[in-house]
Amino acid sequence: MFVYLDHTATTPTSPEVLQAMTPYFGEIFGNPSSVYSFSKKSREAISKARQQVANALNANSDEIYFTGSGTEADNWALKGTLEKGKIAGKNHIITTAIEHHAILHTCEYLKKVEGAEVTYLPVDSEGFVSVDDVRKAITDKTALVSVMFANNEVGTIEPVAEIGALCREMKIPFHTDAVQAAAHLKIDVKAMNIDMLSMSAHKMYGPKGVGALYMRKGLRPENFVHGGAQEHGRRASTENIAGIVGFGAAMEILQTRLADDAAINSARRDRLIAGILERIPHAKLNGATGNHRLPNNINFSFIGVEGETLLLDLDAKGISASTGSACSSESLDPSHVLLALGLKHEMAHGSLRFTIGRLTDDSQIDYVLDVLPEIVARRRAMSPLWEDYMKSQEGK
Ligand code: PLP
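Keep in mind it's a predicted model, so treat the numbers as computed, not measured.

Draft legend 1. Region of interest: the sheet that holds strand E9 (residues 283-285). Ordered in space as E9-E10-E12, the three strands form an open sheet in which the pairing is antiparallel. Strands at the two margins of the open sheet, each flanked by one partner only, are E9 and strand E12 (351-355). Taken pair by pair, the neighbouring strands of this sheet meet at an average axis angle of 25 degrees, ignoring direction. Here strand E10 (residues 297-302) runs beside E12; their pairing, made up of five bridges, is antiparallel. Within E12, the residue paired with Asn-297 across the bridge is Thr-355. Lying on the sheet, helix H9 (residues 307-316) is in contact with E10 and E12; it crosses E12 at an angle near 45 degrees.

Draft legend 2. How the structure looks around the domain arrangement of the chain. By the assigned domains, the chain splits into domain 1 (3-8 + 258-383) and domain 2 (15-254). Relative placement of domain 1 and domain 2: their C-alpha centres are 28 Å apart. Contacts between the two partners involve 29 residues from domain 1, matched on the other side by 29 residues from domain 2. Per-residue buried area on domain 1 facing domain 2 is highest for Leu-258, Leu-294 and Arg-358; these three make up 27% of the total on that side. Between the two partners, domain 1 and domain 2, sit 13 residue pairs in polar contact (both at pLDDT 80 or more).

Draft legend 3. Structural detail: unusual backbone geometry. With a phi close to 55 degrees, His-232 is a non-glycine residue in the positive phi region. By the secondary structure assignment, His-232 is in helix H7 (residues 230-233). Positive phi is not limited to glycine here, since Ser-237 has a value of about 115 degrees. Considering the arrangement of structural elements, one finds Ser-237 in the loop between H7 and helix H8 (241-279).

Draft legend 4. Inspection of the side chain of Gln-230 at higher detail. For Gln-230, the location among the structural elements is in helix H7. Judged by its relative accessible area of 12%, Gln-230 is buried. Within the structure, the side chain of Gln-230 is placed 3.1 Å from the backbone nitrogen of Ser-237, a separation counted as a polar contact. When neighbours within four sequence positions are excluded, Gln-230 is seen to be in contact with Ser-33, Arg-235, Ala-236, Ser-237, Thr-238 and Glu-239.

Draft legend 5. Expanded view of the site of the ligand. Near the ligand there are 13 residues, and of these Thr-71, Asp-177, Gln-180, Ser-200 and Lys-203 occur at the shortest range. Between the ligand and Lys-203 there is a distance of 2.6 Å, counted from an oxygen atom to a side-chain nitrogen or oxygen. Computed on the free molecule, the ligand has an accessible area of 390 Å², of which 91% lies beneath the protein chains in the complex. Per-element accounting of the shell around the ligand gives the leading share, three residues, to helix H3 (residues 70-87). Per-class residue counts for the shell around the ligand are two nonpolar, eight polar and three charged.

Draft legend 6. Main features of helix H4 (residues 101-114). The end-to-end C-alpha separation of H4 is 18 Å, in line with the 20 Å expected for 14 residues at 1.5 Å each. For H4, every residue scored as buried is listed here: Ala-102, Ile-103, Leu-104, Thr-106, Cys-107 and Leu-110. In this fold, the buried residues of H4 make contact with H3, strand E3 (92-96), strand E4 (117-121), strand E5 (142-146), strand E6 (174-177) and helix H10 (336-340).

Draft legend 7. Looking closely at the side chain of Arg-50. Looking at where Arg-50 falls in the secondary structure, it is placed in helix H2 (residues 40-57). For Arg-50, a relative accessible area of 10% gives the class buried. One polar contact links the side chain of Arg-50 to the main-chain carbonyl oxygen of Ile-64, over a distance of 2.9 Å. Arg-50 has contacts with Ser-61, Ile-64, Tyr-65, Phe-66, Glu-231 and His-232, leaving out every residue within four places of it along the chain.

Draft legend 8. Structural view of the packing of H9 against helix H12 (residues 362-381). The N-to-C vectors of H9 and H12 enclose an angle of 135 degrees; their axes lie 10 Å apart at closest approach. Considered as vectors, H9 and H12 are oriented oblique to each other. In this structure, H9 crosses over H12, and the sense of that crossing is right-handed. Facing H9, whose interface residues are Thr-309, Leu-310, Asp-313 and Leu-314, H12 presents Val-371, Leu-372, Ile-375, Val-376, Arg-378 and Arg-379. Of the residues contributing to the contact of H9 with H12, the split by class is six nonpolar, one polar and three charged.

About the criteria used
- Residues numbered from 1 in each chain as written.
- Predicted model: local features only at pLDDT ≥ 70, side-chain atom pairs only at ≥ 80, totals over all residues.
- Heavy atoms only, no water.
- Pairing = 2+ DSSP bridges.
- Helix = DSSP H or I, 4+ residues; strand = E, 2+ residues; numbered from the N terminus.
- Axes fitted to C-alpha atoms, helices over the stretch in contact; angles between N-to-C directions.
- Contact = heavy atoms within 4.5 Å.
- Domains from an automatic or database assignment.
- Buried area = accessible area lost by both parts, 1.4 Å probe.
- Polar contact = N/O pair within 3.5 Å; in protein donor to acceptor, adjacent residues only side chain to side chain.
- Buried < 20%, exposed > 50% of the residue type's maximum accessible area, 1.4 Å probe, protein only.
- Near = heavy atom within 4 Å.
- Areas by Shrake-Rupley, 256 points an atom, 1.4 Å probe, with all protein chains shown as cover.
- Nonpolar A, V, L, I, M, F, W, Y, C, P; charged D, E, K, R; others polar.
- Expected span 1.5 Å × (residues − 1).
- Parallel < 35°, antiparallel > 145°, perpendicular 65-115°, else oblique.
- Left-handed = near helix turned anticlockwise from the far one by under 90°.

As structure tokens, then:
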């Protein structure tokens, strides 16, 4: 049995999206920048996709800029805004300790190379940022606030609308990394006072290698990719037309099923969570509960076992899961997100993330609930950490 439970790492391109993209690999190949009429179809396809993405966010189409990935959109928002801010003497960024590395490593770069000052806001034990902490961190040097919409490891949904309202009141640009959130939640950039928002197509059944940055009209961060005049002169390089068309189609399809998918996913999520808590002693659910958690996210720590070991055992049973961020899969460091939630190192090492989606059905949830307790019990039986833990519990 093949059970794919890593929809947060990536999703397959859906057949409808692939169908929409196909002509742009073959017969409609004109460079959108060329003047002859043959290229008109390529230009029109990009305009349509821009409108599709804009509609989903309640944005205007000229506020959507396609990029090569969610990571590039994050880099652009941060580097472009800081460079612009520096001209006005503003070099301070406020972000959080639980951002994706696309934000955290960009902030480290800006500190090192541009002399930026960065405030990393803490989160509480469920992963929530406090709006009051954002307010207190703002100074007259603050160029940007960047707080993720929803966390990719534990699924906590941040109070984005409140932070947006605060930043608008304080006249500070507000960016949110919505790479995960946009695949599951209804987003209204106007109502939520969002100035910039990053997205990625491959998290929502679109193709890899295409993302977008929403930038509110009037906001002019410096360009990030320099060259030709594509994307209204703000992001150079010949457009990935098939990818952009796929992104637009994926986003449009997503909107028609967002509410139904959220209901189905959250029911399966809650059944898996309840089943694990019932069958595996000393299992700790990481992150928030109910509506404050992405509908597809399940993240547990199992005292006494390493997440990496569990991944291999699950893989041997045909189950693809993760310990957290896709980008940290090559590192054995404990998750920075779980450490920020206050977990001890050994618990942060023992985490396991299941993310459900369109490839999931109920029988797969049952299968995980069948095999996981035995795997955890077997690994614990061999673990000195577990033995120590059980001794520490004696007499409690
Ligand atoms: N931001 C978040 C929250 C993510 O989860 C990811 C990918 O996992 C990214 C950014 C990077 O997106 P991309 O893979 O399109 O570069």
